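One-letter residues, chain by chain:
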Amino acid sequence: MRLSLFCLVTWAALVLFGTSSQPASAQSNESSRKLVLIAGKPSHPPRMHEFNAGVQLLKKCLSEVPGLRTEFTLNGWPQDESMLDDADAIVFYMDGGGGHEIVKENGRRLKKIEAMADKGLGLGFMHYGVEIVPDQAGREFKKFIGGHYEHMFSCNPMWEPQFAKFPEHPITRGVKPFTIRDEWYMNMRFLSDIAGNEPAVIEGTKFTPILVAAPSDDVRDGPYVYPKGPYEHIVANSGRSEAMMWAVERTDGGRGFGFTGGHNHDNWGDENFRKVVLNALLWIAKVDVPVDGVKSSVTATELDANLDPKNRK
């Protein structure tokens, strides 16, 4: 009788308080994949380069995805970088170039990320975040995501590519043809100097172009955002399709992507623009992408939330 009473009390406690002494959040985290979104510091006029608002919007859109927990940090490299240590994937949405957050501290941060990548960390870089100085991180970016923006080799026109066809890939699930005006970078510096508009396998790295379109001669002729151009080698490739989003499967088991859009914050209100990025976030974290892609909705109020104070009038 004493044993039966003990069992009854134990059963009641389990019903009331759960089957573990751990908090419910800790329990769910055990089987989930961790994605960290790193937003850069404010730059550019209002509604452009709204990195802080952008990552919070993306996190909101991923909040119901099973098997994924998403964390973010604002205004650059996290002050407590221990949040990165158990990440399955990290995405950088920020300004780049010579002041890129990932190359600061005399390369210490870059070495940390490379060591994690060697163990299979998923990596993504978005918009200006795909640009680095080749001597600082060119080798690493080709390794991490298959390529990068290179000053005066790549260019950054404002234009409206027609994304009409997509490869069969988890990142493109549920994405329908779309066109949207943005600062779409092109002529990236890819592995082995491939054009990047066709699938390839290079030294074991599987490269897949995701968003591909052919800019008109007017787009190639400029002006670009900076420097205005035109550049002779860009003009000479008249008629060639360009990759503005791509994905890689690395030999270390990790995955990566580059996405050159994301200049205009309001573009996150477009379902297909948003979906192809949300799918990519799941994919590099090795979370199954739904057959129809990540479903999400964004209201005008949500687009206006968390914008940086940029001397708004």
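Residues numbered from 1 in each chain as written. Predicted model: local features only at pLDDT ≥ 70, side-chain atom pairs only at ≥ 80, totals over all residues. Heavy atoms only, no water.

**Q** Where do I start with the overall build of the protein chain in this structure?
**A** Across its full length, the protein chain carries nine helices and 14 strands. With 313 residues in all, the protein chain has 51% of them scored as buried. Partitioning the intrachain contacts of the protein chain with sequence separation of at least 6 by distance along the chain shows that 74% fall at a separation of at least 24. Surface exposure of the protein chain reaches about 14,700 Å², of which carbon and sulfur atoms provide 52%. (Helix = DSSP H or I, 4+ residues; strand = E, 2+ residues; numbered from the N terminus. Buried < 20%, exposed > 50% of the residue type's maximum accessible area, 1.4 Å probe, protein only. Contact = heavy atoms within 4.5 Å. Areas by Shrake-Rupley, 256 points an atom, 1.4 Å probe, with all protein chains shown as cover.)

**Q** Hey, could you run me through the confidence of the model for the protein chain in this one?
**A** Any segment with low pLDDT has predicted coordinates that should not be analysed in fine detail. Chain-level statistics for the protein chain give a pLDDT mean of 91 and a share of 90% at 70 or above. The low-confidence segment residues 1-28 (pLDDT under 50) makes six contacts with residues lying over four places distant or belonging to another chain. (pLDDT = per-residue confidence, 0-100.)

**Q** What's the story with the environment of V225 in this structure? I'm lost.
**A** Relative to the assigned elements, V225 resides in the loop between α6 (217-220) and α7 (232-236). Setting aside its immediate chain neighbours within four residues, V225 contacts N156, P157, M158 and E183.

**Q** Please clarify how the packing of helix α4 (residues 108-117) against helix α5 (residues 134-145) should be interpreted in this entry.
**A** To characterise two packed helices, one gives the angle between the axes of the helices and the distance between these axes. Following both chains from N to C, one finds α4 and α5 inclined at 20°, their axes separated by 11 Å at the closest point. By the angle class used here, α4 and α5 are roughly parallel. Along this stretch, α4 crosses α5, giving a crossing that reads as left-handed. On α5, the residues touching L110, I113, E114 and A117 of α4 are Q136, A137, R139, E140, K143 and F144. Classifying every residue of the contact of α4 with α5 gives five nonpolar, one polar and four charged. (Axes fitted to C-alpha atoms, helices over the stretch in contact; angles between N-to-C directions. Parallel < 35°, antiparallel > 145°, perpendicular 65-115°, else oblique. Left-handed = near helix turned anticlockwise from the far one by under 90°. Nonpolar A, V, L, I, M, F, W, Y, C, P; charged D, E, K, R; others polar.)

**Q** Got a minute to help me understand the environment of P157 in this structure?
**A** The residue P157 is located in the loop between β5 (147-148) and β6 (158-159) in this model. Its relative accessible area of 1% is what places P157 among the buried residues. Here the alpha-carbon distance between P157 and D221, two residues 64 residues apart in the chain, equals 9.5 Å. Apart from the residues lying within four places of it in its own chain, the contact partners of P157 are D182, E183, W184, M186, V219, P223, Y224 and V225.

**Q** How should the sheet that holds strand β12 (residues 205-213) be read in this particular structure?
**A** Strand pairing in a sheet relies on backbone hydrogen bonds. The paired strands run either parallel or antiparallel. Taken in spatial order, the eight strands of this open sheet run β2-β1-β3-β4-β14-β13-β12-β11, and their pairing is mixed. The open sheet has two free edges, formed respectively by β2 (68-73) and β11 (200-202), since each of these has just one partner strand. Averaged over neighbouring strand pairs, the angle between their axes works out to 20° when direction is ignored. By the bridge criterion, three bridges tie β11 to β12 in an arrangement that is antiparallel. Across the sheet, the residue bridging to V201 is K206, located in β12. (Pairing = 2+ DSSP bridges.)

**Q** I would appreciate a short explanation of the packing of aromatic side chains in the present structure.
**A** By convention here, two paired aromatic rings are described through the distance between centres and the angle between planes. On inspection of all chains with the given rule, the structure shows 17 aromatic pairs. Here F190 and F207 contribute two aromatic rings whose centre-to-centre distance is 5.1 Å and whose plane-to-plane angle is 70°, an arrangement assigned as edge-to-face. Here the residue F190 occupies a position in strand β10 (residues 189-190), and F207 occupies one in strand β12, the gap between them amounting to 17 residues. For F207, a relative accessible area of 1% translates into the label buried. A centroid spacing of 5.4 Å and a plane angle of 70° characterise the contact between F259 and F273, whose relative ring orientation is edge-to-face. Within this pair, whereas F259 is found in strand β14 (residues 255-259), its partner F273 is found in helix α8 (residues 271-284), the two being separated by 14 residues in sequence. The class of F259 is buried, set by a relative accessible area of 0%. Take F273: its relative accessible area is 0%, and that puts it in the buried class. (Phe/Tyr/Trp six-rings, centres within 6.5 Å; stacked < 30°, edge-to-face > 60°.)

**Q** Is there a simple way to explain the side chain of N52 in this structure?
**A** By secondary structure assignment, the location of N52 is in helix α3 (residues 51-61). Accessibility expressed as a relative area gives 3% for N52, which makes it buried. Of the polar contacts made by the side chain of N52, one reaches the side chain of D308; its length is 3.0 Å. Leaving out residues up to four positions away in the same chain, N52 has contacts with A39, G40, P42, L74, N75, N306 and D308. (Polar contact = N/O pair within 3.5 Å; in protein donor to acceptor, adjacent residues only side chain to side chain.)

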